[in-house]
Amino acid sequence: RTVAQRYREALTGAPAYAVSAVREQLAIFEQLQVRPEFVKEVRAAVDEIATTLAPDTTAIVGRISRVLLFTGHMVDREGRATPRFPRTPAAQAEARRLIADAVAKERENESGLMIGVAGGACGGDILFHEVCAEMKIDTRMFLALPKEGFSAKSVQHGGAEWVDRYERLVDRLKPRILAESEELPLWLQGREYTIWQRNNLWMLFNALAMNSRSLTLIALWDQGTADGPGGTRDLVSQMQSRGYKVVRLEAERLKAL
């Protein structure tokens, strides 16, 4: 009851999209079967708050006709045994072309407002944000870790140019941060689960909260074996299991470039 009351206090006067985001986060807890008795009470409280929202608080979400969620390979680290996204201008140009073509096709099918959602890793993520900006499509950046920690983990190995581009995006987009470190909170520890899997679900449910009926995942993915849990394959699987549209970009084209 105390937990539910805290949610009531935090969400009182909040816009509809914030309440929707909390609902989707609760869905993660339900999926993981974390403290089900608390989740049930909180969901009841959130549903109660939702009935009090003024109609105009849904305007932001209501204007979005489609959300483009992106996932894709990072630029290869130095010495990677099996190339996937080579550190070459040709590979980057082809990746950009694949992403731009996919985004353009999605825009052709929609007459309303579109918005993009992606992380900030060197390679596919940064290219997606840049391509969308060129096409006048707003994007939201979601980082698993704070700016510097995320850069050390997922950007710096690409080289100084990628770091510069990442920092420009961070300054412009003001990203949302999932956690202060890779260590999971106590209520998730002891499970076969990582922050990167958690990050995928976090981005997915935030995208669904923006518009759950019109969501496309654009995946720059070679269909190869994942380097670890929570990668591109994981997010593709999460989308497919929910019946949402997945557009796979043939990342295997990059290997020989």
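Residues numbered from 1 in each chain as written. Predicted model: local features only at pLDDT ≥ 70, side-chain atom pairs only at ≥ 80, totals over all residues. Heavy atoms only, no water.

**A short note on the confidence of the model for the chain**
Alright, step 1. Taken over all residues, the pLDDT of the chain has a mean of 81, while the share at 70 or more is 82%.
Alright, step 2. Ranking the helices and strands of the chain by mean pLDDT puts helix α6 (residues 124-134) first, with 94, and helix α4 (residues 59-62) last, with 48.
Alright, step 3. Note on residues 54-61: pLDDT is under 50 here. Beyond four places in sequence and across chains, it has seven contacts. (pLDDT = per-residue confidence, 0-100. Helix = DSSP H or I, 4+ residues; strand = E, 2+ residues; numbered from the N terminus. Contact = heavy atoms within 4.5 Å.)

**With respect to unusual backbone geometry**
Alright, step 1. Even without a glycine there, the phi angle at Lys136 is positive, about 65°.
Alright, step 2. Among the residues examined, Lys136 registers a relative accessible area of 76% and is labelled exposed.
Alright, step 3. The phi dihedral of Lys174 falls on the positive side, at around 50°, and the residue is not glycine.
Alright, step 4. Position of Lys174 among the secondary structure elements: in the loop between α8 (160-173) and β4 (176-177).
Alright, step 5. According to the relative accessible area criterion, Lys174 is exposed, its value standing at 61%. (Buried < 20%, exposed > 50% of the residue type's maximum accessible area, 1.4 Å probe, protein only.)

**A short note on the pairing of strand β2 (residues 113-118)**
Alright, step 1. In terms of burial, β2 is largely enclosed, as five of its six residues are buried.
Alright, step 2. In terms of handedness, the path from strand β1 (residues 64-72) via helix α5 (residues 89-108) over to β2 forms a crossover that is right-handed.
Alright, step 3. In terms of strand pairing, β2 meets strand β3 (residues 138-143) through four bridges, oriented parallel. Directly across from Ala118, in β3, lies its bridge partner Met141.
Alright, step 4. Viewed along the sheet, the connection from β2 through α6 into β3 turns out right-handed. (Right-handed = clockwise from strand over helix to strand, strands pointing away. Pairing = 2+ DSSP bridges.)

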